[in-house]
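# Structural description and commentary
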Amino acid sequence: MVSAESDAAALYGLGWAHAHDRLAQMTWGALALQGRLAEFLGDTDLAGPDLLDDRFENTVAHDVSMRRRGLWRLAKRVTAELDDETRALVGAYCQGVNARIASLPGLPRALTDHGVSAPLWTPAHVVGVWLQAAQLYGGDGLGKAKVFNQIANGTFDLGPLPDDPSAGVVQEIDVPTAWVQEVRDFAESVGLDPDAGFVGGGDDDPAFSHAWAVRRPGGALLVGAPRIPVMLPSLLHEWAVHGETLHGRGWGFVGAPVLLAGFNASTAWSVTSAGLHQADVFILDRFGPDRVRLDGQIVSIDTTLEIVRVASGPDRNILYEETAAGPLIDDLLPGTGPQWRYSWLHPAFQYPELNPIRAGFAAMRAESVEDQRAAGHLLPWPSLNRVFADRAGEIGYALSAAVPVRSADNAVALETAGIAAQYGSPPFRLWQGLVPPHLLPQTVEPSQPVVFSANHRVAGSFYPIPLGGRALSLGDSSRSRRIRELVADLTPGGPGLEWWDRLARDSVDPNLRDLVGMVILGHAQGWTFDPRTVEALPHLQAWLANGASLLLTDPWIGLVGAIDRGFRDPDLSEVHGEGENGLSRLARRVEVWRSQGLDFDEWPQVELIAHWLETILSDAADEVAGVGNPLDVPAIQAASDAYRSARETLTLEAHAGAEGIVALAPWADVTVGPMACPDKKTLWSQHLDSVSFFVDLRTPDEAIATVAPGTHEPGRPHPLSHVSEWLSGYARPIPLSREAFPAVSEKVLTLP
């Protein structure tokens, strides 16, 4: 915790502490943003975590992409537009960082082993940290040109996707009628059809974060799990600060003085990824080597020569090219046509006056849910679902993002907003501004006593503004379904720590549980399944009776873990949707059919459902026992042992970071385990459990958290201090106030 009389002094101390704990991580992050990894690592392979989908194969490809898209230029562009107060506070933070760097007796080994010096930390580095977060949470948009080509050649289905409006966080009953009318009026004013209904969709949701808040007189409850893959050091850093007006404890990206999720004495907030693809690719007509047609005008291209340095190899000369629609990125898009140029437009380029730092400061100063909602209105990137609560007992939710208004003259752009490139040469085809933040889906004082987000659908069908095309969920995730089940019986005064403990370590995937329940019900009601499926039924019944757990210790984990939950059956997907959304939708419809008294053989599409169930269960049985071999207890035990062995440990490559840098600090690599529940579809989902915290705003000093290893980076005192707590799910105290903090402190430093 950092405490000072003024905000500037508090942030100075915070910068000092960040450099003390995480200087190597901050430095490598800055080099990544600047496109300088190959300068020190050479042309080295990258093995990015699942979160980044192995975006770059090697350091040179990574650096070329950073330079082509001008990420460091964007950071400086936004920095130039900072308001005076934000600039002063960020400057104080940077002074603290640089003071600690200057006083260090030596640099961390993760830097010196590669000949890297620590940078002079600047406000552009702070903004850059959040630009990297925007890439992490929303992607880079480079795949949109491929989707455009698929649409052009007819291989991309533009038909309507099945959806589940009832799954939306915000329903029409949760918002004032006047607000709904204002949203409709805005939609109509920019050429949209206010009766078109919610536009979104996607096959799967991010399997990461969840957050929920519970209304309660005298102080609401909030549970946050702002998850990213567990790394060493963690991408999130835990800290607390008390200044004159800035107060808070929580987790933020190291190198910046604002919290992603946390709490103060009056409010608490957490986030999940909304997954909006905020950056767009525009296709422009080429006019010779140095001009393009843009928005109806032929314009020149500004160019700058850049050199990607490569240690022990030839350097790469690239030409940074820029238009009013952003930098040109042709060579990042294989298979694109030579008659066109391709620009990459990020909200930070078009609207540099918007920045997330100001939003972070507002969240730390918030005293009510209305203040937290207003803080979210200031957040341009990344796109986040924010759940918040206050000490008056109220709760709220808001989608926070700079959401471009795509041209109403381009029907394909509206239909595919967020996933496909757009033709930007005719007039009025570029962005037509941003959706006003107060008109994005949001609610305070919702109709229900609980509000939650688990990367699922943000609004019901009443909401007409296109948000993220098919990059945005159209229904439930398995985790949102499970939260919905577990909180269904809550009363405003009821839940407490026991309730948090139950949800935080929950190991059930309701979709897997329910598909197993479907086949058991069908068999009990006389449906004839194939012999292999019938052979699996006694084991699956025993698993259900044992709680349908996906704990690695479950005796049937090898069998149930082999069941395909991908839900890609083309006939069923046409009605219910694909992937996690689709399976959730089918499971919820089965609940309705059963409540209506329909037997299995009376369900719509029962033949298709039965065939799908037979296929995935018989395939699982064959995987466990081998084709033609009996599915007996010894076979399941052997499969379960193999399943555990492959998943119970997690290897943390030191300083791999979001980029997946290989062997940067192999002397500090470590394997941790055994984990209890690594399954991504569960609420526990341990290998993504970077942090989970519980705040009762009646007594914020009694907040608790489970935190993954990686608090400090290798070489510092506590890189692995939380391993045993994290593995067991133990939650430790995280007091907020100056008075309570000494009880959990190791030592106290006074800075001049």
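As a starting point, this report considers the structure included with it. (Residues numbered from 1 in each chain as written. Predicted model: local features only at pLDDT ≥ 70, side-chain atom pairs only at ≥ 80, totals over all residues. Heavy atoms only, no water.)

## Here's the deal with the overall build of the chain
Applicable threshold: What counts as a helix is a DSSP run of H or I of at least four residues, what counts as a strand is a run of E of at least two, and both are numbered from the N terminus. Each radius of gyration reported is based on C-alpha atoms, and the globular scaling rule is 2.2 Å times the count of residues to the power 0.38. For the exposure calls, accessible area comes from a 1.4 Å probe over protein chains only, and a residue counts as buried if that area is under 20% of its type's maximum, exposed if over 50%, partly exposed in between. Residue contacts are defined here by distance: any two heavy atoms, one from each residue, within 4.5 Å place the two residues in contact. Per-residue and other accessible areas follow the Shrake-Rupley method at a 1.4 Å probe size, with only the shown protein chains counted as cover for residues. As used throughout, the charge tally considers Lys and Arg to be positive and Asp and Glu to be negative, leaving His and the chain termini uncounted. Charged side chains are reduced to one point each, which is NZ for Lys, CZ for Arg, CG for Asp and CD for Glu.
Within the chain one finds 23 helices and 24 strands. In terms of overall size, the chain behaves like a compact globule, its C-alpha atoms giving a radius of gyration of 26 Å where 752 residues would be expected to give roughly 27 Å. With the C-alpha coordinates of the chain rotated into their principal frame, the extents come out at 75 × 65 × 60 Å. Looking at the 752 residues of the chain, the share that counts as buried comes to 62%. The contacts of the chain with a sequence gap of at least 6 include a subset with a gap of at least 24, amounting to 74%. Accessible surface, the chain as shown: approximately 27,200 Å² in total, 52% of it carbon and sulfur. Side chains of the chain give 57 positive and 93 negative charges; the mean places of these two sets differ by 5 Å.

## Regarding the packing of aromatic side chains
We count it as follows: Paired rings are identified among Phe, Tyr and Trp, the last through its six-membered ring, by centres lying within 6.5 Å, and are further divided according to the angle between planes into stacked (under 30 degrees), edge-to-face (over 60) and tilted (the rest).
This model, assessed by the stated rule, comprises 12 aromatic pairs. Ring centres of Phe-148 and Trp-340 lie 6.2 Å apart, and the angle between their planes is 80°; this geometry places the pair in the edge-to-face category. Taken as a pair, Phe-148 in helix H8 (residues 144-152) and Trp-340 in strand S14 (residues 340-345) lie far apart in primary sequence, 192 residues in all. Their ring planes at 65° and their centres at 5.5 Å tell us that Trp-527 and Phe-600 sit as a pair that is edge-to-face. Here Trp-527 is found in the loop between helix H16 (510-524) and helix H17 (531-545), whereas its partner Phe-600 is found in the loop between helix H20 (579-595) and helix H21 (606-625), with 73 residues between them in sequence.

## Quick word on the pairing of strand S5 (residues 247-253)
Spelled out, the test is: The rule for pairing is simple: two strands pair if DSSP sees at least two bridges between them.
Judged by how many residues are buried, S5 sits mostly within the fold: 6 of 7 residues are covered. The antiparallel pairing of strand S4 (residues 236-242) with S5 creates a hairpin that spans 4 residues between the two strands.

## Some details on helix H4 (residues 71-79)
Our working rule: It is the directions from the helix axis to the C-beta atoms whose arc is reported.
Considered for burial, the residues of H4 that qualify are Leu-71, Leu-74, Ala-75, Val-78 and Thr-79. Down the axis of H4, the buried side of the element spans an arc of 135°, and every buried residue falls inside it. Taken together, the buried residues of H4 touch helix H1 (7-34), helix H3 (59-69), helix H5 (84-103), helix H7 (123-138), S14 and helix H10 (347-350).

## With respect to the nonpolar core
Using the following cut-off: Buried residues of nine kinds, namely Ala, Val, Leu, Ile, Met, Phe, Trp, Tyr and Cys, make up a nonpolar core once their side-chain atoms join them within 4.5 Å.
One finds Trp-28, Tyr-93, Trp-121, Trp-130, Phe-253, Val-435 and Tyr-463 to be the most contacted residues of the largest nonpolar core, which totals 164 residues. Ranked by the residues each element gives to this core, the list is headed by H1, at 12 residues. Apart from the residues lying within four places of it in its own chain, the contact partners of Phe-253 are Val-129, Trp-130, Ala-133, Leu-136, Tyr-137, Leu-235, Leu-236 and Leu-260. Counting 46 residues, the second-largest nonpolar core is a separate cluster that includes Trp-543, Leu-550, Leu-552 and Phe-600.

On their own, these measurements won't tell you what the molecule is for.
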